[in-house]
Amino acid sequence: MTVTTERPDTVRNTVEPVRRALRPAPDLPTLAPKTWLVGHLTESALQSPPWAVERSGRGYIQMGELAYLVAEQATGQQTVEEIARAVSEAQGRPVSAGDVQALIDFVLIPRGVLADPADEPAEEWLGAVDAAEAAEEGPSGLAATGLAATGLAGRQRRGAGPGRRAPGPPREIVVGPRALEAVASVLMWLFWPPAMLVVAGISAAMLFWLFVLHGLAQSVVAVLVQPLLLVPVASLAALAVAVSPLGPMVALYGGGGAIERLRVRPSLLRLRLVVDVDNDYGLSRWARLIVNLSAVYLQLVLALGLCLLGSITGWEWPYLSVALLTLNMLRLLAPFGRPEADRLLSDVLLVPHPLRYAGQWLGRLVPKLAGDGEPLPPLKPWGTATIVAFLVVSVLGVWQVGLAFLWATPTLLTTLAEAILAYLGSLFDAVGSRDPFLFVVSFVKGTVLLLAAFVLAVSVLVGLRRALADLWRWGADSPARRRAVLGGLVISALLLTIFWLPVNLTSPGRVALDEPPRSLVGTPWASLTPSSRGALGDVPR
C-alpha cells in the first residue's frame, strides 16, 4: 500500500484536500465545544491586532475579521445562507454563501473553531495516515488525534507485532473533584494577588540570602559527611516538582475554572501528576498569567518552607533541596528549551509563538541562518521591547548559572573524590582493626555516595546528549547553521579548558605543596573547607 511507503507529512499534504472535499458540510454551523468568542485583541502587541476565539486547552485561535464574524454567527440556528446575509450587513459589503462555506471548510473547522460534523475520516485509509503521523509526532501528537486511548497508538510507536503483547494503558490512581476542590478552596488564598506579592517578596529575599550571603558549601559538606541525607534531599526536591501541577489547578479553581480529576501515575523513576480541568482558558488575561506562573509560584512557596526549616533547626541539607528547586524554577521560566516554553510570554503579548520574532531578527542579521517561513506581522514597540528584555534577562540568568557551574565543578569533584577516598580508607581501617560496625557504616556511606555520583553523572550526560541532538537537528537545515553549531561547540570546549584544565601557577623556584592547582582563570582544584561559603558572590565575573 503506497501510504505506508511515504512520509506521513507528504501523505498529509496529498490527502488533506480530499479529506476536506469528503467532509459533509454542516447544515447549521456551530462553535466547537469549550470555545468562547473573544473579539478584537486590541491589547495585543501586534500592530494590526487580530480577532480571536478561545479554545479550552489551546488558548487563543487568531483569525481575520471576516472569519471571526462567521464564527460569531455560527450559533447552530442559522444556515450558511443566513450567516452570509448577517455577515454582509455587519461588513457593509456583500459576502456570498460560497465565501462563507469556504471559510467554514478551510479555516474555521480545521482550526477547531467550529464543530466538525464528521467525527471520523470519510475513508479508512485516511485514518491510517493519522496513525502514522501521530506515531512520528510522539505523545503530544497521539493525544491530539485521539489515538492514545485505543491502544493502536502504543502498537504503532513501539512496533508491537505478532507474538508480542501490546502495552496497555498506564496505571493510574484517579482522585475525584470533590477532594480536589476541598484542597483548592484552602490553597487558593495563596494565589490571591496581594498574598502572592508578599510571599514572592519574602521568598526572593530568602533565596538572595541563601545564594549570595550564606552559600551552599556547608550543605555539600554536611551531605558528604552523612551521605544518607541525599535521600531526603532528592526526595523533597522530586516531591516538590511532582506536586507543582497542583499550582495551576488551584489557580484555575480560584479564577472560576472547574476541576475534573487528578490522575496520579506511579513509577519507579518519578511520580507524575496530571490534572484535568474544564474551562481552563475561559478566564481573564491576568488570571491566565497567574495560572502560567502558578507552578513556579508553588515551588517557590515550598522552597521558602525548606529555607525556614533549615533556619529553625540549623540543618544545612534542606538548602540543597532549595537549590534543586531553584534550578527547576529557572528552567520553567526560561522561554526556550522545552515545548510551550514561550506560553507565558505569549499570554503577556497576546501573540502566538513570540520567539519566532527572535529567529526572524537573527535571520535579518545573518541571512544564512534564517529558516523557512513567511514574514511575521509587525509588532508594536512595547512588544519588541518586551521580547528583547525577556531574552536578555533569560540569557543573563543562563550565563550566571553556567558560570557558577564552571567555577564550582572542580571544587565539587575534588571534595567528592576526597570523601570517597576517606570512606575507602575507613574500610581498610575497619578490616585492620576488625571493627564490623565501622566497616558496615563506611561501606554504606561510600556506596550511597558512589551511587549518587553515578546517577548525577548519567543525568548530566543524558541532558547533554539531548541538547546536542537538538542543536544538531537545528543545524541540519543549512551549511551556515552547521557552521554555527560547530563554532558553538568549539567555544564550549575552550571554556571547559580554561575553567577546568589544572595548571601550575607557582613560580619555578618555589614548591608550594599546600597550594592546590588552578586553572587558567584561577578555578581551584581544592576541596571545601569549614570556612568555604560557596556563594554566588565568590564566583568572579
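Since the structure is predicted, the reported quantities are computational estimates derived from the model, not experimental observations.

About the thresholds
- Residues numbered from 1 in each chain as written.
- Predicted model: local features only at pLDDT ≥ 70, side-chain atom pairs only at ≥ 80, totals over all residues.
- Heavy atoms only, no water.
- Buried < 20%, exposed > 50% of the residue type's maximum accessible area, 1.4 Å probe, protein only.
- Helix = DSSP H or I, 4+ residues; strand = E, 2+ residues; numbered from the N terminus.
- Pairing = 2+ DSSP bridges.
- Contact = heavy atoms within 4.5 Å.
- Patch = residues over 30% accessible without salt bridge, like charges linked within 9 Å, V, L, I, M, F, W, Y side chains within 5 Å.
- Areas by Shrake-Rupley, 256 points an atom, 1.4 Å probe, with all protein chains shown as cover.
- Salt bridge = Lys/Arg side-chain N within 4 Å of Asp/Glu carboxyl O.
- Axes fitted to C-alpha atoms, helices over the stretch in contact; angles between N-to-C directions.
- Left-handed = near helix turned anticlockwise from the far one by under 90°.
- Expected span 1.5 Å × (residues − 1).
- Core = buried A, V, L, I, M, F, W, Y, C linked by side-chain atoms within 4.5 Å.
- Phe/Tyr/Trp six-rings, centres within 6.5 Å; stacked < 30°, edge-to-face > 60°.

Draft legend 1. Spotlight on the pairing of strand β3 (residues 59-63). Counting buried positions over the five residues of β3 gives five, a clear majority of the element. With five bridges connecting them, strand β2 (residues 51-55) and β3 associate as antiparallel partners. Along β3, the bridge assignment pairs Trp 51 with Met 63.

Draft legend 2. How the structure looks around helix α2 (residues 65-73). If you check which residues of α2 are buried, you get Ala 67, Tyr 68, Leu 69, Val 70 and Ala 71. Each element contacted by the buried residues of α2 is listed here: β1 (35-40), β2, β3, α3 (80-91) and α4 (97-108).

Draft legend 3. A look at a nonpolar patch on the surface. The grouping of Leu 461, Leu 464, Leu 468, Leu 471, Trp 472, Leu 486 and Leu 489 at the surface amounts to a nonpolar patch, some 670 Å² of accessible area in total. Contributions of two or more residues to the nonpolar patch are made by α18 (436-475) and α19 (479-500). Counting residues per element, the nonpolar patch draws most heavily on α18, at five residues. With a relative accessible area of 44%, Leu 486 lands in the partly exposed category.

Draft legend 4. Broad picture of the packing of helix α11 (residues 230-242) against helix α14 (residues 318-333). Put simply, α11 and α14 touch, their axes get as near as 8 Å, and they point 35° apart. α14 is crossed by α11, and the crossing has right-handed handedness. Counting all contacts with α11, which are made through Pro 232, Val 233, Leu 236, Ala 237, Ala 240 and Val 241, the residues of α14 involved are Leu 320, Ser 321, Leu 324, Leu 325 and Asn 328.

Draft legend 5. Inspection of α3 at higher detail. Helix length check: α3 (12 residues) gives 16 Å between terminal C-alpha atoms against 16 Å at 1.5 Å per residue, within 8%. Listing the buried residues of α3 in full gives Val 80, Ile 83, Ala 84, Ala 86, Val 87 and Ser 88. For α3, the elements touching its buried residues are α2 and α4. Following α3 by one or two positions, Gly 92 has its phi on the positive side, about 75°.

Draft legend 6. Here's a closer look at the environment of Leu 273. As for its placement among the helices and strands, Leu 273 is situated in strand β6 (residues 272-278). Among the residues examined, Leu 273 registers a relative accessible area of 12% and is labelled buried. Every residue in contact with Leu 273, bar those within four places of it in the chain, is listed here: Ala 242, Val 243, Pro 245, Leu 262, Arg 263 and Val 264.

Draft legend 7. Representation of the environment of Val 503 in the model. Position of Val 503 among the secondary structure elements: in the segment after α19. A C-alpha to C-alpha distance of 9.2 Å links Val 503 and Gly 522, two positions 19 residues apart in sequence. When residues no more than four places from it in sequence are discounted, the contact partners of Val 503 are Pro 517, Arg 518, Ser 519 and Leu 520.

Draft legend 8. Summary view of the nonpolar core. Core analysis: the largest hydrophobic core is formed by 37 residues, its most contacted members being Leu 210, Met 249 and Val 322. Secondary structure elements with two or more residues in this core: α8 (177-187), α9 (193-214), α12 (246-254), β5 (258-265), α13 (285-313) and α14. For this core, the leading source of residues is α13, giving 10 residues. In terms of nonpolar packing, the next biggest core, distinct from the first, is built from 21 residues, Ile 61, Ala 67, Ile 83 and Ala 84 among them.

Draft legend 9. Expanded view of the packing of aromatic side chains. Tallied over the entire structure, the rule returns seven aromatic pairs. Measuring from ring centre to ring centre gives 5.2 Å for Trp 51 and Tyr 68, while their planes differ by 40°; the resulting arrangement is tilted. Taken together, the positions of Trp 51 in strand β2 and Tyr 68 in helix α2 put the pair 17 residues apart, joining distant regions of the chain. Consider the rings of Phe 405 and Trp 500, whose centres lie 5.9 Å apart with planes at 65°: the pair is edge-to-face. With Phe 405 in helix α17 (residues 381-433) and Trp 500 in helix α19, this pair connects stretches of sequence that are 95 residues apart. Judged by its relative accessible area of 24%, Trp 500 falls in the partly exposed class.

Honestly, that's just the spatial picture; any functional story needs more than this.
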